[in-house]
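Residue-level listing of the chains:
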Amino acid sequence: MDLMSRYPGLDDLKRRAKRRLPKFVWEYLDSATGTEATKHRNRAALDAILMRPSILHGPLEYDTSTTLMGDTYALPFGVAPVGMSGLIWPDAERLLARAATRAGIPYCLSTVACKTPEQVGPLTGSKGWFQLYPPKDPEIRRDMVARARDAGFRTLVLTVDLPAPSRRERQTRSGITQPPRLTPRLLTQIAMRPEWALATALHGRPRMPTIAKYAPDTPGMHPTEHIGYILRTSPQWDYVHWLRDHWDGPFVVKGVMEPEDAAKLEQAGIDGIWVSNHAGRQFDAALASIEVLPAIRAATSLPIIFDSGVGGGLDILRALALGADMVMMGRAWHYALAALGRDGPAHLIEMLKLDIEANMGQIGTRSFDQLPERLIRA
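Since this is a predicted model, take the numbers as computed values, not measurements.

A. Region of interest: the environment of Lys 127. As for its placement among the helices and strands, Lys 127 is situated in the loop between helix H7 (117–120) and strand S6 (128–132). Sequence separation of Lys 127 and Tyr 73 is 54 residues, and the distance between their C-alpha atoms is 8.6 Å. Not counting residues within four places of it along the chain, the set of residues in contact with Lys 127 comprises Thr 72, Tyr 73, Gly 104, Ile 105, Pro 106 and Tyr 107.

B. Inspection of the pairing of strand S7 (residues 155–159) at higher detail. Counting buried positions over the five residues of S7 gives five, a clear majority of the element. Residues Thr 155, Val 157 and Thr 159 line one face of S7 and the alternating positions Leu 156 and Leu 158 line the opposite face, and both faces are buried. As defined by bridge partners, S6 adjoins S7 across four bridges and the pair is classed as parallel. In the sheet register, Trp 129 faces S7, and the bridge partner there is Thr 155. Considered for its hand, the β-α-β crossover made up of S6, helix H8 (residues 138–150) and S7 is right-handed. Note that S7 and strand S8 (residues 251–256) share four bridges and pair parallel.

C. Spatial organisation of the pattern of salt bridges. Applying the stated criterion across every chain, the model contains 20 salt bridges. For Arg 297, the salt bridge is made with Asp 325, and the minimal N-O distance between the two is 3.3 Å. One end of the pair, Arg 297, is in helix H16 (residues 289–299); the other, Asp 325, is in the loop between helix H17 (313–321) and strand S11 (326–329), and 28 residues separate them in sequence. Given the relative accessible area of 23%, Arg 297 is considered partly exposed.

D. A look at helix H18 (residues 331–340). Burial analysis of H18 places ten of its ten residues in the buried class, which makes it a mostly covered element. One or two residues past the end of H18 sits Gly 341, with phi positive at roughly 65°.

E. Structural context of the environment of Ala 151. Locating Ala 151 in the fold gives a position in the loop between H8 and S7. The exposure class assigned to Ala 151 is buried, which follows from its relative accessible area of 10%.

F. Examining the pairing of S8 more closely. Of all six residues in S8, six are buried, a share of seventy percent or more. Across four bridges, S8 lies against strand S9 (residues 272–275) in parallel orientation. Within S9, the position partnered with Val 253 by the bridge is Ile 273. What joins S8 to S9 is helix H15 (residues 259–267), and the crossover it makes is right-handed.

G. Spotlight on the nonpolar core. Residues Leu 13 and Ile 290 are the most contacted members of the largest nonpolar core, which totals 108 residues. Here this core takes eight residues from H18, the largest share from any one element. Those residues within four positions of Ile 290 in sequence are excluded, and the remaining contacts are Ala 45, Leu 46, Ile 49, Phe 306, Arg 318, Ala 319 and Leu 322. In this structure, Cys 108, Val 252, Trp 274 and Met 326 belong to the second largest nonpolar core, which totals twelve residues.

H. The arrangement of the side chain of Lys 254 in detail. Assignment of secondary structure puts Lys 254 in strand S8. Excluding its chain neighbours within four sequence positions, the residues that come into contact with Lys 254 are Pro 81, Val 157, Leu 158, Thr 159, Val 160, Asp 161, Trp 274, Ser 276, His 278 and Asp 307.

Scoring rules and cut-offs
- Residues numbered from 1 in each chain as written.
- Predicted model: local features only at pLDDT ≥ 70, side-chain atom pairs only at ≥ 80, totals over all residues.
- Heavy atoms only, no water.
- Helix = DSSP H or I, 4+ residues; strand = E, 2+ residues; numbered from the N terminus.
- Contact = heavy atoms within 4.5 Å.
- Buried < 20%, exposed > 50% of the residue type's maximum accessible area, 1.4 Å probe, protein only.
- Pairing = 2+ DSSP bridges.
- Right-handed = clockwise from strand over helix to strand, strands pointing away.
- Salt bridge = Lys/Arg side-chain N within 4 Å of Asp/Glu carboxyl O.
- Core = buried A, V, L, I, M, F, W, Y, C linked by side-chain atoms within 4.5 Å.

By themselves, these figures tell us nothing about what the structure is for.
Okay, here's the thing in C-alpha cells:
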C-alpha cells in the first residue's frame, strides 16, 4: 500500500484515527478544555504567520539537522509527552520511542505513560527525555529522578503548567471515569472499534505503572483526574533549584508562557525553555504559544522547545523562524498510530520531512538559520 498517496497529510491520518478509536479514547486524544478556544487560537495564530516565497534561486540542498543542548538531531521535531499514550494505541510508548530513535529525533516519556522508564529508556539511545509531573513527596521525587537516570534518559523535563486539574468537558461527556471502569456505555464504544479492542486485549488494560508503586487506585475522583494528581504538587522556585542540583544532564522547564519567567529560569541554571500552553488542554483563556514565542526568544539566550497546535512541516518552519530550536508534537503521533498502527510514526516522519523540504524550497532557504529573513510578521 502506498501510504503517501492515501494519507498525504495529517488531516488524512486524523480522519482515519477517529474511525478506528472508541469515542472515549478519541475524546481523550483530541479534546481541549472549556470551549476549546485556546486550541483553536493556536491554529489561527500559526496560520497568521506568513513567509515570503522566493524565485530564481536555483536548486537547493537542504540541511534539516539541528543541535540542541549538546545533541545533534536529524530533524527539528520530536515526540512530546502524552499521558496514557498506551490508551490511545497499545504499546504506543515503545513504538514511538523506537521510531524516534531510528529517525534521530527526541522522544519524551510522560510520568503518567502506560510504560515505565525502565521499559522505554533503553530504546531511546542517548536521545531520550523524561517528563516529570512534580511529586509532593521528596522521597518519591528522588526515586523518580533516579529511575529516569538509571533507565538511560539524558534530559529531564519538568512540567509546571498544571497547578490544578483542568476539566476537559468533552472527555467527561464521553463517559470516562476515574478510576477507569468498563461501563456498558464504554463497552459499547469498544465493541464498535474491533481493531483497537483486539490490539488492547493483546497488550493488556492500560495503566500508569510508573506511579503505581507510589499511589493506589482511589475512588471518587473527577472523571478527568487520575492517581497522578494524588502525587502531584504545584511547584515553586525551590523545587526547580532542587532538581537542577540533583540532575546532572540537560534540564528543561515546560509550560513557559511569560518572558520574565524565561529570564528567571536562565538565571536558575536551566538548560532549555519549553514554550507551551499544553495545546489548550489546561486553560482556555491563554494566548497561542506562537504568539508569545518571539518575546520569550528575546528574553533568553537558552535553547527553546516549542509545541501547541503544530499541524505539519510549515508550522514547524514558522516556529523555527520565530526563535524555536526544536518543535515537539503530541497529538499528531497518536493520530498516526491510531490510523496506521506501527507503520504510522515512520510515515508521519517522512511526511513532515517532505513538507519541511517542500516549503524550504518555496521560500528559498537551505538551512533553518535563514528562515527569519523570509518571515512576514503578522
